[in-house]
Amino acid sequence: MAEHTGRRCCLGWDFSTQQVKVVAVDAELNVFYEDSVHFDRDLLEFGTQGGVHVHEDGLTVTSPVLMWVQALDIILEKMKASGFDFSQVLALSGAGQQHGSVYWKSGASQVLASLSPDLLLHEQLQACFSISDCPVWMDSSTTAQCRQLEATVGGAQALSCLTGSRAYERISLVSSFAASLFLGSHSPIDYSDGSGMNLLRIQDKIWSQACLGACAPHLEEKLGLPVPSCSVVGAISSYFVQRYGFPPGCKVVAFTGDNPASLAGMRLEEGDIAVSLGTSDTLFLWLQEPTPTLEGHIFCNPVDPQHYMALLCFKNGSLMREKIRDELASSSWSEFSKALQSTEMGNSGNLGFYFDVMEITPEIIGRHRFSAENHEVSAFPWDVEIRALIEGQFMAKKIHAEGLGYRVMPKTKILATGGASHNRDILQVLADVFGTPVYVTDTANSACVGSAYRAFHGLAAGTDVPFSEVVKLAPNPRLAAAPTPGASQVYEALLQRYAMLEQRILTQTRGPPE
Ligand SMILES: Nc1ncnc2c1ncn2[C@@H]1O[C@H](COP(=O)(O)OP(=O)(O)O)[C@@H](O)[C@H]1O
Ligand SMILES: O=C(CO)[C@@H](O)[C@H](O)COP(=O)(O)O
């Protein structure tokens, strides 16, 4: 308990798909407190699986908003019980899973502004939401609206947004919703997470009237003006001061998306690739200029408003790996690792595609296995299956990153984060497929750490101190896996076959490309 006392710090929060997490980072940028609340395990009453409810149509995927609020209550109470000294928190920021939306009822702002410190947040916010189950990033129930929006604005991107005419006072992203809880008022959406809505003009940083108009009336007033990601959006609400002892001047820095926050936490440099192996697998890059393509997203950069980031998201990430682990490796990651250790790089030419839910990049569903002769086969031995899954997941990332114009250079390094980055055998396959060394940071919670770093940056707001200067003392990433000699030769041929077979599956399922 003593080590939490008297240490001036910033807090970083992450409202991700499966849990709410927090870290405390001191002025020397050491992480000295970490905690989490896992929705499936710690909040059983909400009955989520992987943090979400998949509805009967198989397309609608939601999470209960009050589960997120209650998770915040639990984690704060845990911190209090552990003796955490909230009076030393100078500022906080946070992150949320991207593309999820929260719908506040009229009157919610009055409730937020007058919370009683004697009660928990979830006890007081019960009636504040007009939709109790929030659509999250896995939801694909709005395809018709996306096509309609696409047609209205004449664009070819897969636009996604909700339409409708119910009486929402305010619409938040998961990130700005979480910031609102700390602020005691509606927090604006930041440029970087706002870029994931298909509503923001990423070059001018203003809402696109064409996109807003194509979605719903009066949307602009419900969203509020977007703000730079490093903005201080206000001081912490008196609720947190009175109940937990935060100082009244504790600053709240705009919350952002979990991937942008990870970019900050990993101190990504131009030329590097970040691979996040969380619930989703994502791959992201720092970009000087936006280069919109039909695949992936371009977001405003969360730490440098002049720059951008590119992101590819893969739905069949950790949950797919867990399924195969449970089916073939006795639900044990160490058994799963044994399969990777006992099979050869290149898997003797066997290749697999494992998409139990409709993938985003590319739009394929189902499990498809191919022998070295490119014949589709119905099964592999258990260890071949596990290697085919992991090699396939990383080959897809490399191929689609190259589609975004990315090339591995001699100095390129991969920075890995997220739950599966704890697994060295998985990281070895990543290093081999990309032919690039893989580094990790001390905590796999880079979105939390990045949020705490962004909070420190917020403290320097108005002084023009660049983010890189604020975090220059942060610990350097450590080498976790170097490419095995000969890996490039093995995967060069395999990558070509993977790309060809991916195209073959796409053609079989949706006809030849136009
Ligand atoms: N040793 C491991 N090997 C592979 N995957 C792991 C391991 N430990 C945890 N994971 C995966 O990490 C996932 C959670 O990652 P995390 O980044 O915490 O998710 P999120 O931030 O989306 O809630 C779990 O679903 C689990 O499959
Ligand atoms: O939708 C995306 C990115 O576009 C996902 O990456 C979500 O942001 C969820 O993140 P995790 O909970 O998997 O970290």
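Residues numbered from 1 in each chain as written. Chains lettered and ligands numbered in written order. Predicted model: local features only at pLDDT ≥ 70, side-chain atom pairs only at ≥ 80, totals over all residues. Heavy atoms only, no water.

### With respect to the site of ligand 2
Move 1: Around ligand 2, the structure places 14 residues, and the nearest of them are Thr17, Gln98, His99, Asp258 and Ser280.
Move 2: In this structure, histidine 99 approaches ligand 2 through a side-chain N or O atom, which is 2.7 Å from an oxygen atom.
Move 3: Protein contacts shield 95% of the accessible area of ligand 2, which totals 370 Å² for the unbound molecule.
Move 4: Those elements that provide at least two residues to the shell around ligand 2 are helix H11 (258-265) and strand S18 (308-314).
Move 5: Residues of the shell around ligand 2, tallied by class, amount to three nonpolar, 10 polar and one charged. (Near = heavy atom within 4 Å. Polar contact = N/O pair within 3.5 Å; in protein donor to acceptor, adjacent residues only side chain to side chain. Areas by Shrake-Rupley, 256 points an atom, 1.4 Å probe, with all protein chains shown as cover. Helix = DSSP H or I, 4+ residues; strand = E, 2+ residues; numbered from the N terminus. Nonpolar A, V, L, I, M, F, W, Y, C, P; charged D, E, K, R; others polar.)

### Section: the sheet that holds strand S24 (residues 478-481)
Move 1: The sheet built from seven strands is open, its strands ordered S17-S18-S16-S15-S22-S23-S24 with mixed pairing. Of all strands in the sheet, those bounded by a partner on one side alone are strand S17 (297-300) and S24. Mean inter-strand twist for the sheet, computed between neighbouring axes without regard to direction, equals 30 degrees.
Move 2: Pairing geometry for strand S16 (residues 281-287) and S18, over seven bridges, is antiparallel. Within the sheet, the bridge partner assigned to leucine 285 lies in S18 and is alanine 310.
Move 3: Against the sheet, H11 touches strand S15 (273-277), S16, S17, S18 and strand S22 (414-417), its axis set at about 60 degrees to S16.
Move 4: Those strands touched by helix H15 (residues 424-434) are S15, S16, S22, strand S23 (438-440) and S24, and its axis lies near 85 degrees from that of S24. (Pairing = 2+ DSSP bridges. Axes fitted to C-alpha atoms, helices over the stretch in contact; angles between N-to-C directions. Contact = heavy atoms within 4.5 Å.)

### Comments concerning the nonpolar core
Move 1: Counting 85 residues, the largest nonpolar core has Trp13, Trp68, Phe84, Leu92, Phe129, Phe177 and Phe246 as its most contacted members.
Move 2: Here the element with the most residues in this core is helix H2 (residues 65-81); it accounts for 10 residues.
Move 3: What phenylalanine 177 contacts, discounting residues up to four positions off in sequence, is Val65, Trp68, Val69, Val102, Trp104, Phe129 and Ser172.
Move 4: In this structure, Leu283, Tyr354, Tyr406 and Ala487 belong to the second largest nonpolar core, which totals 76 residues. (Core = buried A, V, L, I, M, F, W, Y, C linked by side-chain atoms within 4.5 Å. Buried < 20%, exposed > 50% of the residue type's maximum accessible area, 1.4 Å probe, protein only.)

### Some points on the packing of aromatic side chains
Move 1: Tallied over the full model, the rule gives 19 aromatic pairs.
Move 2: Ring geometry for phenylalanine 353 and phenylalanine 370: centres 6.0 Å apart, planes at 85 degrees, overall edge-to-face. Residue phenylalanine 353 is located in strand S19 (residues 351-355), and its partner phenylalanine 370 is located in strand S20 (residues 366-370); the two are separated by 17 residues in the primary sequence. Accessibility assignment for this pair places phenylalanine 353 and phenylalanine 370 in one class, buried.
Move 3: A connected cluster of aromatic rings, assembled from ring pairs, spans Trp13, Phe32, Tyr33, Phe84, Phe86, Phe182, Tyr239, Phe240, Tyr244, Phe246 and Phe255.
Move 4: Above the face of the phenylalanine 314 ring, lysine 397 is positioned so that its terminal group lies 4.6 Å from the ring centre. (Phe/Tyr/Trp six-rings, centres within 6.5 Å; stacked < 30°, edge-to-face > 60°. Lys NZ or Arg CZ within 6 Å of the ring centre and 35° of its normal.)

### Things to note about the packing of helix H14 (residues 382-403) against H15
Move 1: Interaxial distance between H14 and H15 falls to 9 Å at its minimum, and their mutual angle equals 45 degrees. Between H14 and H15, the angle falls in the class oblique. Handedness of the H14/H15 crossing: right-handed. In this structure, H14 contributes Arg387, Ile390, Glu391, Phe394, Met395, Lys397 and Lys398 to the contact, and H15 contributes Ile426, Val429, Leu430, Val433 and Phe434.
Move 2: When grouped by side-chain class, the residues that make up the contact of H14 with H15 number eight nonpolar, no polar and four charged. (Parallel < 35°, antiparallel > 145°, perpendicular 65-115°, else oblique. Left-handed = near helix turned anticlockwise from the far one by under 90°.)

### Section: the environment of aspartate 304
Move 1: Looking at where aspartate 304 falls in the secondary structure, it is placed in the loop between S17 and S18.
Move 2: For aspartate 304, a relative accessible area of 21% puts it in the partly exposed group.
Move 3: Taking C-alpha positions, aspartate 304 is 10.0 Å from alanine 264, a pair spaced 40 residues apart along the chain.

### Topic: the pattern of salt bridges
Move 1: Applying the stated criterion across every chain, the model contains 18 salt bridges.
Move 2: Ionic pairing is found between aspartate 26 and arginine 7, a salt bridge with its closest N-O pair at 2.8 Å. In this pair, aspartate 26 is assigned in strand S2 (residues 19-26) and arginine 7 in the segment before strand S1 (9-15), connecting sequence segments 19 residues apart.
Move 3: The class of aspartate 26 is buried, set by a relative accessible area of 3%.
Move 4: For arginine 7, a relative accessible area of 27% corresponds to the partly exposed category.
Move 5: We note a salt bridge from aspartate 442 to arginine 478, for which the minimum N-O separation is 3.1 Å. Highlighted residues: aspartate 442 in the loop between S23 and helix H16 (446-459) and arginine 478 in strand S24, separated in sequence by 36 residues.
Move 6: Salt bridges sharing partners connect three or more residues here, namely Lys323, Glu327, Asp356 and Arg367. (Salt bridge = Lys/Arg side-chain N within 4 Å of Asp/Glu carboxyl O.)

### Considering unusual backbone geometry
Move 1: That bond from threonine 361 to proline 362 is cis: its omega, -5 degrees, falls within 30 degrees of zero.
Move 2: Positive phi, close to 60 degrees, is recorded for lysine 205, a residue that is not glycine.
Move 3: Residue placement: lysine 205 occurs in the loop between strand S10 (200-201) and strand S11 (206-207).
Move 4: A positive phi angle is found at serine 348, which is not glycine, with a value near 50 degrees.
Move 5: Mapping serine 348 onto the fold places it in the loop between helix H13 (333-342) and S19.
Move 6: Accessibility expressed as a relative area gives 61% for serine 348, which makes it exposed.

### Some words on the site of ligand 1
Move 1: The immediate surroundings of ligand 1 are formed by 15 residues, with Ser16, Gln19, Lys21, Thr279 and Glu322 found nearest.
Move 2: Interatomic distance of 2.8 Å between a side-chain N/O atom of serine 16 and an oxygen atom of ligand 1.
Move 3: For ligand 1, an oxygen atom lies 2.9 Å from a polar atom in the backbone of glycine 419.
Move 4: The class makeup of the residues in the shell around ligand 1 is three nonpolar, 10 polar and two charged.

### A few points about the sheet that holds strand S8 (residues 133-135)
Move 1: With antiparallel pairing, three strands are arranged side by side in an open sheet as S4-S5-S8. Only two strands of the sheet have a single neighbouring strand rather than two, namely strand S4 (53-54) and S8.

### Observations regarding the confidence of the model for the protein
Move 1: Summary statistics for the protein give a mean pLDDT of 92 and a share of 93% for residues scoring 70 or more.
Move 2: Here residues 156-168 is a poorly scored stretch, pLDDT under 50, and it has 37 contacts once near neighbours within four places are set aside; other chains count. (pLDDT = per-residue confidence, 0-100.)

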